[in-house]
Amino acid sequence: SNSLSLFAAFAFAFATNAWGYSVTLYAHLLSAFFVIWGLHLVTKKKESFINDLLVWAIYGFAIFVDFPNIFTYFPIAVVASLKMFNWQDTRDSLKIQFNFIKLLGPILLFGLLSVYGYYNYIHFGSPMKMSNTIKRVKDLKDVNLSVPEKGSDAVGALEPRSMANGLNTFLFSRDRGMLIYTPIALLAIFGLAALKKRDLF
C-alpha cells in the first residue's frame, strides 16, 4: 500500500545511516537506488521492451558507480536472463522458446562495460584497473612532500577473512552496525515472513 511504501522510504532515509551518506558524495545510496529500481522492473507483471533494456542499462551504470554492484545486482540480472525463455508445459512435453530480441539487453550491458573499460584505460592505464586500486595521497596541501598510500586490491574484499570481518562490521560495529545503529532494518524479517505466507518468497 502507499502508506507502507512511504513508511519504508522514511524509515530507510531517517532511521538508518542513509542520511549520513546522502549529505556526502558516496556511491552507497546510488547503488541502493539502482538495485531497487532494477528489482522493481523485473518484478513488474506487465513486461515491455524498454523495461528489459533498462534492467541491463541500470546494471552497467551501477557497476560504473561502484564496482561491487556487479555482485549485488547480479541476482536481478539472473531473473532478467530467465525471462528470455518462455516455458510451455503441456501434458506430453515441455516447450522452451527463446526470445532473441531480449538479447539486446546483455549486448547493451557489454557495450556499457566496454565504455567503462575505456574510461579506466584512459585514466588509469588499463581497462581492468579501477580507481579504488590506485595509490592515494594522504595530504593534498603538500602533494610533493606527502607519502602516497599503498593501493588497495579490488577483489580483496572477497577473501573469506575479509568477508567475516565485514560481516562483523555490518552487524556489530558502533558506527554502522545494524544491530546497534539501525535495528529498524530488522523489520524486514517480518516482511519476509509475510511474503512466505502469500507464497511470494
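Up top is the structure these notes are about.
Residues numbered from 1 in each chain as written. Predicted model: local features only at pLDDT ≥ 70, side-chain atom pairs only at ≥ 80, totals over all residues. Heavy atoms only, no water.

Visitor: Help me understand empty space enclosed by the protein, please; the structure alone is not making it clear to me.
Guide: The method is simple in principle: a probe with the dimensions of a water molecule rolls over the atoms, and the space it marks as empty is what remains. Per the counting criterion, the structure on display carries one cavity of 30 Å³ or more. Of the voids in this model, the largest cavity is the one considered here, and its volume is about 130 Å³. Residue lining of the largest cavity: 14 residues in total, with N51, D52, V55, A80 and K83 positioned closest to the centre. Within the residue set of the lining of the largest cavity, elements represented by two or more residues are α3 (28-42) and α4 (49-65). Classifying every residue of the lining of the largest cavity gives six nonpolar, two polar and six charged. (1 Å grid on protein atoms, 1.4 Å probe; cavity = no way out; pocket = protein on both sides within 12 Å on 5 of 7 lines; lining within 4 Å. Points joined across faces, edges and corners; volume = space filled by probe spheres on them. Helix = DSSP H or I, 4+ residues; strand = E, 2+ residues; numbered from the N terminus. Nonpolar A, V, L, I, M, F, W, Y, C, P; charged D, E, K, R; others polar.)

Visitor: Just checking my understanding: could you explain a nonpolar patch on the surface for this structure?
Guide: On the surface, F7, F172, L179, I180, Y181, L186, L187, I189 and F190 cluster together into a nonpolar patch covering about 920 Å² of accessible area. Sorting the residues of the nonpolar patch by element identifies α9 (178-181) and α10 (188-197) as the ones contributing at least two each. When residues of the nonpolar patch are assigned to their parent elements, the largest contribution, three residues, is made by α9. With respect to the helices and strands, the residue I180 is situated in helix α9. (Patch = residues over 30% accessible without salt bridge, like charges linked within 9 Å, V, L, I, M, F, W, Y side chains within 5 Å. Areas by Shrake-Rupley, 256 points an atom, 1.4 Å probe, with all protein chains shown as cover. Salt bridge = Lys/Arg side-chain N within 4 Å of Asp/Glu carboxyl O.)

Visitor: How should the packing of aromatic side chains be read in this particular structure?
Guide: The description of two aromatic rings rests on the distance between their centres and on the angle between their planes. A full pass over the atoms with the stated rule returns 10 aromatic pairs. Taken together, a centroid distance of 4.8 Å and an interplanar angle of 25° make the contact between Y59 and Y73 stacked. Highlighted residues: Y59 in helix α4 and Y73 in the loop between α5 (69-72) and α6 (74-82), separated in sequence by 14 residues. Given a relative accessible area of 6%, Y59 falls into the buried group. Measuring from centroid to centroid gives 4.9 Å for F98 and F100, while their planes differ by 80°, and the two rings are edge-to-face. Three or more aromatic residues joined by ring pairs make a cluster, and in this case those are F64, Y116, Y119 and F124. (Phe/Tyr/Trp six-rings, centres within 6.5 Å; stacked < 30°, edge-to-face > 60°. Buried < 20%, exposed > 50% of the residue type's maximum accessible area, 1.4 Å probe, protein only.)

Visitor: So what exactly am I meant to see when it comes to the nonpolar core here?
Guide: One broad rule of soluble globular proteins: the nonpolar side chains tend to lie buried together. Membership of the largest hydrophobic core comes to 17 residues, with the highest contact counts inside it found for V55, W56, Y59 and Y73. Where this core is concerned, the elements lending two or more residues are α3, α4, α6 and α7 (104-124). Sorting elements by how many residues they give to this core places α4 first, with six residues. When sequence neighbours within four positions are dropped, the list of residues in contact with Y59 reads N69, I70, Y73, F74, A77 and L109. (Core = buried A, V, L, I, M, F, W, Y, C linked by side-chain atoms within 4.5 Å. Contact = heavy atoms within 4.5 Å.)

Visitor: Hey, could you run me through the pairing of strand β1 (residues 85-89) in this one?
Guide: Within a regular strand, side chains alternate between the sheet's two faces. Where β1 lies against strand β2 (residues 94-98), five bridges are found, and the strand directions are antiparallel. Bridge pairing in β2 links Q88 to K95. Hairpin geometry of β1 and β2 is characterised by an intervening segment of four residues between the two adjacent antiparallel strands. (Pairing = 2+ DSSP bridges.)

Visitor: Could you clarify how one ought to interpret the packing of α3 against α4 in this entry?
Guide: Packed helices, taken two at a time, are described by the angle between their axes plus the distance between the axes. Contact geometry for α3 and α4: axes closest at 9 Å, N-to-C directions at 165°. Relative to α4, α3 is oriented roughly antiparallel. Considering only the axes of α3 and α4, their crossing is left-handed. Facing L30, S31, F34, W37, G38, L41 and V42 of α3, the residues of α4 in contact are N51, L54, V55, I58, F61, A62 and V65. (Axes fitted to C-alpha atoms, helices over the stretch in contact; angles between N-to-C directions. Parallel < 35°, antiparallel > 145°, perpendicular 65-115°, else oblique. Left-handed = near helix turned anticlockwise from the far one by under 90°.)

The quantities given are spatial measurements derived from coordinates; they are silent on function.
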